Amino acid sequence: MEQTSLQRVKQAIVAGFWASLASIVVGFLFKLWLAQWVAKADLALYHTVIDIISLSLILMTGFRSSMVVTYSQTKQDVDITNIFRYSLIAMVLLAWGVVLPYIKHKLHLNVEYFQLVGIILSMGLKVYFTNQIAMYRLYAISNRVTWLEPLAQVTSFLFCFYGLQQTAIASLFYSMTLSSLIVALYMYLTRRKDIATPPLTAVHFDTDLRNFMKKSLTASMEAGASILMIYITVLLTIAYFSIDELGDFQVVVRPMITYLTLLFVFPIYRFVLPEVAVCVREKRFEEVQQIKSWLTKVSLWISGIFFVVMLFASKPLVAWLFPEQYLKAAPVLMHFSMFFIFMMLNGYQLANLKAHGYFTHSLLIRLSGILVLIGTFYAYRLYTENVVAVILALGTGYLMMYLISRQVEKQIQQGLKHK
């Protein structure tokens with residue numbers, strides 16, 4: 001008996017949760033182990049370089065949602081893949097020509113040129129196959145890659161450090177390159193068992209492909225806007241609060257936001273959008289409502305549990321996990337828990353809008369969230385000088401995004417009824 005879209009979403013999200021949890025545990029333990037003996041300056045150098053290169057390539061992940069939606073509508077995987085190939089090659093070359101000189105000559109970071117080139121090329125390959133896996137809705141491969149990636153990096157690091165006798169910092173850079181190549185090769189081999197590699201050919205643009213390019217550009221800008229929203233909170237904390245409060249945010253609050261997003265929000269983007277896009281194409285709108293109803297219940301349960309735990313146990317948890325000087329992060333986490341429900345619901349709302357082709361609306365909603373974040377921060381500052389104002393402003397931004405996306409969804413539903 002063929003599975004329904006709701007059943008596929010349930011299985012993929014549950015499997016994605018455990019895969020993400022395994023990935024977080026492996027990555028977190030690896031970081032804790034490195035922090036015990038690797039020089040703090042070396043770790044800071046490594047993470048800074050990886051962050052810069054990742055940001056230069058992360059815009060290409062914006063192609064993922066447009067690839068998923070356009071392929072579900074047209075099945076033109078050859079042209080879609082080739083457009084993405086040429087765009088990714090251009091972005092990698094741009095990063096090579098601009099980002100590498102910036103790291104070497106502007107930031108004066110002491111990293112070997114070969115290491116930087118290896119990271120850019122290997123991460124580019126990983127992005128390429130990750131997007132392909134998403135386009136073809138190969139959820140099992142996607143979930144295996146989630147936990148395979150940190151495991152591959154740990155293994156590669158041990159090989160480089162103990163086997164090849166490299167320094168710790170060199171082993172970190174080489175392990176990032178090797179792990180990205182391993183993951184890319186794994187995705188290529190496993191995908192090839194089911195789906196042949198589209199040939200490299202010239203692209204024949206038609207109306208659908210021109211729309212695909214517009215959607216891809218818009219989705220890339222949205223990906224940048226979603227990252228910018230978190231970075232603005234960091235910049236506001238730096239500008240208006242002490243270094244101690246910045247430490248609370250960077251060491252405790254921001255990682256918590258990242259881990260919760262990986263566990264409960266990213267799986268929605270990865271698995272709900274492809275299924276909803278297929279349902280929309282085939283006009284199975286009742287299944288879309290079933291998916292929404294199930295996700296709403298799950299979001300209420302998870303965010304409710306998170307809020308209750310933070311309300312009654314945020315201080316003991318922070319005291320148990322972190323040194324005493326980070327205790328002031330507890331009330332910030334508690335206030336963040338009030339708004340986490342809207343992060344989860346936004347995951348579905350924006351996926352639903354994209355499935356209906358409303359990519360521009362999705363971008364505008366993201367930008368409105370940024371504007372509300374900035375505006376409400378200064379409004380909250382009139383009443384309090386506590387760092388909690390930053391997290392309240394972030395939460396208000398997500399709340400406004402949800403309200404706007406909910407209104408757009410109602411308009412879409414009304415339009416469908418009149419057809």
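Residues numbered from 1 in each chain as written. Predicted model: local features only at pLDDT ≥ 70, side-chain atom pairs only at ≥ 80, totals over all residues. Heavy atoms only, no water.

A. A look at a nonpolar patch on the surface. Together, Tyr 86, Ile 89, Leu 93, Trp 96, Tyr 113, Leu 121 and Leu 200 line one region of the surface with nonpolar side chains, adding up to about 700 Å² of accessible area. For the nonpolar patch, the secondary structure elements donating two or more residues are helix 4 (77-106) and helix 5 (113-135). If you tally residues by element for the nonpolar patch, the top one is helix 4, at 4 residues. In this fold, Trp 96 is placed in helix 4. (Patch = residues over 30% accessible without salt bridge, like charges linked within 9 Å, V, L, I, M, F, W, Y side chains within 5 Å. Areas by Shrake-Rupley, 256 points an atom, 1.4 Å probe, with all protein chains shown as cover. Salt bridge = Lys/Arg side-chain N within 4 Å of Asp/Glu carboxyl O. Helix = DSSP H or I, 4+ residues; strand = E, 2+ residues; numbered from the N terminus.)

B. Quick look at the environment of Ser 156. Considering the arrangement of structural elements, one finds Ser 156 in helix 6 (residues 139-163). A C-alpha to C-alpha distance of 7.7 Å links Ser 156 and Tyr 174, two positions 18 residues apart in sequence. Apart from residues no more than four positions distant in its own chain, Ser 156 is found in contact with Ser 175, Leu 178, Ser 179 and Ile 182. (Contact = heavy atoms within 4.5 Å.)

C. Up close: the packing of helix 1 (residues 5-37) against helix 6. Two numbers describe how helix 1 lies on helix 6: the axes approach to 7 Å, and their chain directions differ by 15°. As judged from the angle between their axes, helix 1 and helix 6 are roughly parallel. The two elements helix 1 and helix 6 meet at a crossing, and its hand is left-handed. Of the residues contributing to the contact of helix 1 with helix 6, the split by class is 18 nonpolar, 7 polar and no charged. (Axes fitted to C-alpha atoms, helices over the stretch in contact; angles between N-to-C directions. Parallel < 35°, antiparallel > 145°, perpendicular 65-115°, else oblique. Left-handed = near helix turned anticlockwise from the far one by under 90°. Nonpolar A, V, L, I, M, F, W, Y, C, P; charged D, E, K, R; others polar.)

D. Molecular detail of the packing of aromatic side chains. Across all of its chains, the model carries 26 aromatic pairs by this definition. Relative to Phe 157, the ring of Trp 37 has its centre 6.3 Å away and its plane inclined at 55°; by these criteria the two rings are tilted. Of this pair, Trp 37 sits in helix 1 while Phe 157 sits in helix 6, and the two are 120 residues apart along the sequence. Aromatic side chains Phe 264 and Phe 340 sit 6.4 Å apart centroid to centroid with 75° between the ring planes, which places their arrangement in the edge-to-face category. Taken together, the residues span a long stretch of sequence, with Phe 264 in helix 9 (residues 243-281) and Phe 340 in helix 12 (residues 340-355) at a distance of 76 residues. Residues Phe 264 and Phe 340 agree in their burial class; the two are buried. Through a chain of ring-to-ring contacts, the aromatic side chains of Phe 17, Trp 18, Phe 264, Phe 306, Phe 336 and Phe 340 assemble into a single cluster. (Phe/Tyr/Trp six-rings, centres within 6.5 Å; stacked < 30°, edge-to-face > 60°. Buried < 20%, exposed > 50% of the residue type's maximum accessible area, 1.4 Å probe, protein only.)

E. Here's a closer look at unusual backbone geometry. Within the chain, Arg 137 stands out as a residue other than glycine whose phi angle is a positive 60°. The backbone phi angle of Gln 165 is positive, close to 60°, even though this residue is not glycine. Tracing the chain through its elements places Gln 165 in the loop between helix 6 and helix 7 (168-194). Looking at Gln 165, the relative accessible area reads 63%, which means it is exposed.

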